[in-house]
Amino acid sequence: MHYNGKNKCKWKDINDRRKNIIIRGEVMKNNSIKGNLLFLVVFMLVFIVGMGTFTYNSLNSTASQGQNDVATVNKYIDLVDNSRNIQVTFKKQVQAWKDLLLRGLDQSKYNMYLSQFTGYNNEVLVGLAGLKTSMGSLGIDVDLVDKVSTELDQLQINYTTALKSYDKTNKESYKIVDTLVNGMDKLPTNDMDTLVKSIRDKSTTQITSMNLESKNKSKQLELYLFVIIIISVCLIIDRKSVV
């Protein structure tokens, strides 16, 4: 009987130890679950904040770049418009010269067409100076602008010199003056046309390039967001499987 009593006490101790081990295991398991849940909650908070910050910065950057692109596009549009206006004004100057020679026998018309001729020349030169500044701000080579300006300065000198041979009392005087400057306007005219075309082509190329770059950046942002979301989902699934 005494032996049986000892055995009972021994088995009781063993059972108590087993219970304690089971209880500790359950506690550790619960603590592990709580830890995983806490990690998941913290991770989700960090993820949400991180995604929000990334999206906010990306959208701000995209919006800022978009505004810069719009401003640049507007500059190119203005550049093309201004170059065409200069081209048209130069053609008006040449026409004013022709009118001056053909109709300048009348003093009032002579004064009118001479004023137009001189005024158009000034407009063209001022326009070219502004065009040069705008092109420089966009990083476009301005050598052709300088060339056209130099040619127009010389053309003005040649026209003014030839005009001294104009005789208002001689109906054939225009032929004499015209012979003196015949063909001198072809070089600046051709270079002006080349300048306008080069500006138009450059503008078209740059605008197309900016549009393509904008599309690529949008696709890149979408890819980044997609990858981040996939990675986050995989991490969440992995933590849940552990839980």
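Quantities reported herein were computed from a predicted structural model and do not represent experimental measurements.

Peer 1: Would you take a moment to explain helix α2 (residues 107-137) for this structure?
Peer 2: Side chains that are three or four residues apart share a direction in an α-helix, a result of its 3.6 residues per turn. The end-to-end C-alpha distance of α2 is 45 Å, a good match for the 45 Å that 31 residues give at a rise of 1.5 Å each. Among the residues of α2, those classed as buried are Tyr110, Tyr113, Phe117, Asn121, Val124, Leu128, Leu131 and Met135. Looking one or two residues past α2, Gly139 carries a phi angle of roughly 75°, positive in sign.

Peer 1: Would you take a moment to explain the nonpolar core for this structure?
Peer 2: Note that soluble globular proteins tend to have their nonpolar side chains buried in a common cluster. In terms of nonpolar packing, the biggest core is built from 33 residues, with Leu79, Trp97, Leu128, Leu131, Met135, Leu152 and Leu195 touching the most fellow members. Within the residue set of this core, elements represented by two or more residues are α1 (2-103), α2, α3 (143-163), α4 (173-181) and α5 (186-242). It is α1 that contributes the most residues to this core, ten residues altogether. Setting aside residues no more than four positions away along its own chain, Leu128 makes contact with Ile86, Val145, Val148, Ser149, Leu152 and Leu195.

Peer 1: Quick question: what am I supposed to make of the packing of aromatic side chains here?
Peer 2: Aromatic ring pairs are defined here through the distance separating the ring centres and the angle between the ring planes. Going through the model one piece at a time under the given rule, you end up with four aromatic pairs. For the pair Trp97 and Phe117, a centre-to-centre distance of 5.4 Å together with 45° between the ring planes defines the contact as tilted. Of this pair, Trp97 sits in helix α1 while Phe117 sits in helix α2, and the two are 20 residues apart along the sequence. You can call Trp97 buried: its relative accessible area is 3%. Plain terms: the ring middles of Trp97 and Tyr159 are 4.2 Å apart, the flat faces sit at 5° to each other, and that makes the pair stacked. In this pair, Trp97 sits in helix α1 while Tyr159 sits in helix α3, placing the two residues 62 residues apart along the sequence.

Peer 1: Looking at this structure, how should I read the pattern of salt bridges?
Peer 2: In this structure the tally under the stated criterion is six salt bridges. Between Lys147 and Glu151 there is a salt bridge whose closest N-O contact spans 2.5 Å. Taken together, the residues Lys147 and Glu151, both in helix α3 and four residues apart, mark about one turn of the helix. Classification of Lys147 as partly exposed rests on a relative accessible area of 38%.

Peer 1: Explain the environment of Ser203 to me, please; I cannot follow it from the model alone.
Peer 2: Summarising the element assignment, Ser203 is placed in helix α5. A residue is classified by how much of its surface remains accessible, and Ser203, at 3% relative accessible area, is buried. Along the sequence, Ser203 and Lys75 sit 128 residues apart, while their C-alpha atoms lie 9.2 Å from each other. If we ignore the near neighbours within four places in the chain, the residues touching Ser203 are Tyr76 and Val80.

Peer 1: Teacher, can you tell me more about the side chain of Ser149 here?
Peer 2: With respect to the helices, strands and loops of the structure, Ser149 is situated in helix α3. Discounting chain neighbours no more than four positions away, the residues touching Ser149 are Leu125 and Leu128.

Peer 1: How should I be thinking about α4 in this particular structure?
Peer 2: Buried residues of α4: Ser173, Val177 and Val181, and no others. All buried residues of α4 project into a common sector of 60° when viewed along the axis, lining one side. Two residues or fewer past α4, Gly183 is found with a positive phi of approximately 80°.

Cut-off values and rules
Residues numbered from 1 in each chain as written. Predicted model: local features only at pLDDT ≥ 70, side-chain atom pairs only at ≥ 80, totals over all residues. Heavy atoms only, no water. Helix = DSSP H or I, 4+ residues; strand = E, 2+ residues; numbered from the N terminus. Expected span 1.5 Å × (residues − 1). Buried < 20%, exposed > 50% of the residue type's maximum accessible area, 1.4 Å probe, protein only. Core = buried A, V, L, I, M, F, W, Y, C linked by side-chain atoms within 4.5 Å. Contact = heavy atoms within 4.5 Å. Phe/Tyr/Trp six-rings, centres within 6.5 Å; stacked < 30°, edge-to-face > 60°. Salt bridge = Lys/Arg side-chain N within 4 Å of Asp/Glu carboxyl O. Arc of directions from axis to C-beta.

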